[in-house]
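# Remarks on the overall topology
So the chains spell out like this:
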Amino acid sequence: MQQPEYTITAPDPAVVLRNVRAALAEDIGSGDITAALIAPDARASGRVITREDGVLCGQHWVDAVFAQLDTQVQIAWQHRDGANISAGDTLFSFEGPARSLLTGERCALNFLQLLSGTATICRRYAERVSATRVRLLDTRKTVPGLRDAQKYAVRCGGCHNHRIGLYDAFLIKENHIAACGGINPAVAAARRLAPAKPVEVEVENVAELEGALAAACDRIMLDNFSLEQIAAAVALVDGRVELEASGNVTEQTLLAIAQTGVDFISIGALTKDCRALDLSMRLE
């Protein structure tokens with residue numbers, strides 16, 4: 001079966017470089033004393049393979065790791081980010097100074113296995129609801145320092161990004177509502193503070209849903225609503241604002257939630273519960 005095409009917005013090169021420099025500094029410290037055992041002029045070649053099926057993600061970070069260490073390292077990719085990969089596949093081959101290859105091995109694979117693992121779970125979730133119109137969203141439950149990287153992986157897997165951080169959209173939750181004195185004052189304050197920013201309100205019951213509708217927000221998040229409550233909310237809202245379901249979403253409950261007619265489902269597990277893909281670097 002032909003693999004579907006996914007729209008993948010490239011990561012910010014400055015973010016990739018910042019991630020890579022931090023990872024290399026953390027790992028190398030005052031110097032790679034084991035690589036120093038190798039003759040300075042020794043060269044090596046090899047490949048990185050996957051031991052399991054998944055979705056590839058992390059090329060930009062791998063390239064940046066070796067570019068920072070040694071411009072003599074040459075990498076040839078066999079697959080692109082977002083591609084389905086199978087156990088035993090060669091992901092990329094490499095050639096260059098042996099010291100540099102071995103010093104960069106762990107940092108490069110750490111990025112590649114984490115981001116490929118994130119993309120893999122996202123693809124699995126996305127395919128489960130591919131027959132519906134729902135869009136699956138990530139959350140801010142990401143590895144500290146690697147949010148942009150994981151959000152890129154989410155896109156590679158066929159899901160979508162919610163807000164990136166606390167700065168690019170309002171998400172007015174229970175404690176914000178209490179501190180502002182209600183939904184309507186909170187939404188009104190958001191409109192005054194940043195009129196161009198989208199405003200989303202999290203609600204926990206029908207009364208709050210009606211209050212959010214009256215406040216004319218842009219999107220309403222249904223927090224831990226039952227399937228019956230979600231379906232009722234979809235009927236009540238009738239397309240007046242976007243609806244997002246959230247809270248304890250699993251692979252088992254995902255399709256039923258999507259079939260209620262909500263516009264979005266946000267899932268923390270896409271980034272916080274992912275398992276790194278099993279990869280291996282082999283010198284030849």
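A few points on the structure.

Cut-offs and rules
- Residues numbered from 1 in each chain as written.
- Predicted model: local features only at pLDDT ≥ 70, side-chain atom pairs only at ≥ 80, totals over all residues.
- Heavy atoms only, no water.
- Helix = DSSP H or I, 4+ residues; strand = E, 2+ residues; numbered from the N terminus.
- Contact = heavy atoms within 4.5 Å.
- Areas by Shrake-Rupley, 256 points an atom, 1.4 Å probe, with all protein chains shown as cover.
- Lys, Arg positive; Asp, Glu negative; His and termini not counted.
- Charge placed at Lys NZ, Arg CZ, Asp CG, Glu CD.
- Buried < 20%, exposed > 50% of the residue type's maximum accessible area, 1.4 Å probe, protein only.
- Pairing = 2+ DSSP bridges.
- Right-handed = clockwise from strand over helix to strand, strands pointing away.
- Axes fitted to C-alpha atoms, helices over the stretch in contact; angles between N-to-C directions.
- Salt bridge = Lys/Arg side-chain N within 4 Å of Asp/Glu carboxyl O.
- Parallel < 35°, antiparallel > 145°, perpendicular 65-115°, else oblique.
- Left-handed = near helix turned anticlockwise from the far one by under 90°.

## A look at the overall build of the protein chain
When helices and strands are counted, the protein chain shows ten helices and twelve strands. Based on the C-alpha atoms only, the size of the protein chain along its principal axes is roughly 70 × 45 × 25 Å. Expressed as a percentage of contacts within the protein chain between residues at least 6 apart in sequence, the contacts between residues at least 24 apart total 71%. Just so you have it, the protein chain exposes about 13,800 Å², and 51% of that area is on carbon and sulfur atoms. Both charge centroids of the protein chain, one from 28 positive and one from 35 negative side chains, sit 2 Å from each other.

## A word on the environment of Val154
In this fold, Val154 is placed in helix α4 (residues 147-156). Residue Val154 is classed as buried on the basis of its relative accessible area of 0%. Those residues in contact with Val154, other than ones at most four positions away along the chain, are Thr118, Cys122, Asp138, Cys159, His160, Asn161 and Thr271.

## Some thoughts on the pairing of strand β8 (residues 199-203)
Put simply, side chains in a regular strand alternate between the two faces of the sheet. Across the five residues of β8, five count as buried, placing the element largely inside the fold. By the alternation rule, side chains of β8 split into Val199, Val201 and Val203 and Glu200 and Glu202, which are all buried. Pairing analysis gives four bridges linking β8 to strand β9 (residues 219-223), with the strands arranged parallel. Bridging from a neighbouring strand, Glu202 pairs with Met221 of β9. Note on the crossover from β8 through helix α7 (residues 206-214) to β9: the handedness is right-handed.

## As for the sheet that holds strand β6 (residues 135-137)
Spatial ordering of the open sheet is given by β6-β11-β10-β9-β8-β7, a layout of six strands whose pairing is parallel. Unpaired on one side and paired on the other, β6 and β7 (170-172) mark the two borders of the sheet. The sheet shows a mean angle of 25° between the axes of neighbouring strands, direction not considered. The sheet strands contacting helix α8 (residues 227-237) are β9 and β10 (242-246), and the helix crosses β10 at an angle near 170°.

## Examining the pattern of salt bridges
Inspection of the entire model under this criterion finds twelve salt bridges. Where Arg43 meets Glu95, a salt bridge forms, and the shortest distance between an N and an O atom there is 3.0 Å. Residue Arg43 is found in strand β1 (residues 43-50), and its partner Glu95 is found in strand β5 (residues 90-97); the two are separated by 52 residues along the sequence. Close ionic contact of Arg275 with Glu52 constitutes a salt bridge, the shortest N to O distance being 2.8 Å. Linking Arg275 in the loop between α10 (269-272) and β12 (279-283) with Glu52 in the loop between β1 and β2 (54-55), this pair joins segments that are 223 residues apart in sequence. Residue classification places Glu52 among the buried residues on the basis of a relative accessible area of 18%. A single network of salt bridges, built from pairs that share partners, joins Arg124, Arg128 and Glu251.

## Some points on the packing of helix α3 (residues 98-128) against α4
Pairs of packed helices are described in terms of their axes, by the angle between the two and the distance that separates them. One can describe the packing of α3 onto α4 by two numbers: an axis separation of 7 Å at closest approach and a directional angle of 40°. Between α3 and α4, the angle falls in the class oblique. The hand of the α3/α4 crossing is right-handed. Between α3 and α4, the contacting residues are Leu114, Leu115, Thr118, Ala119, Cys122 and Arg123 on the first element and Ala149, Gln150, Ala153, Val154 and Cys156 on the second.

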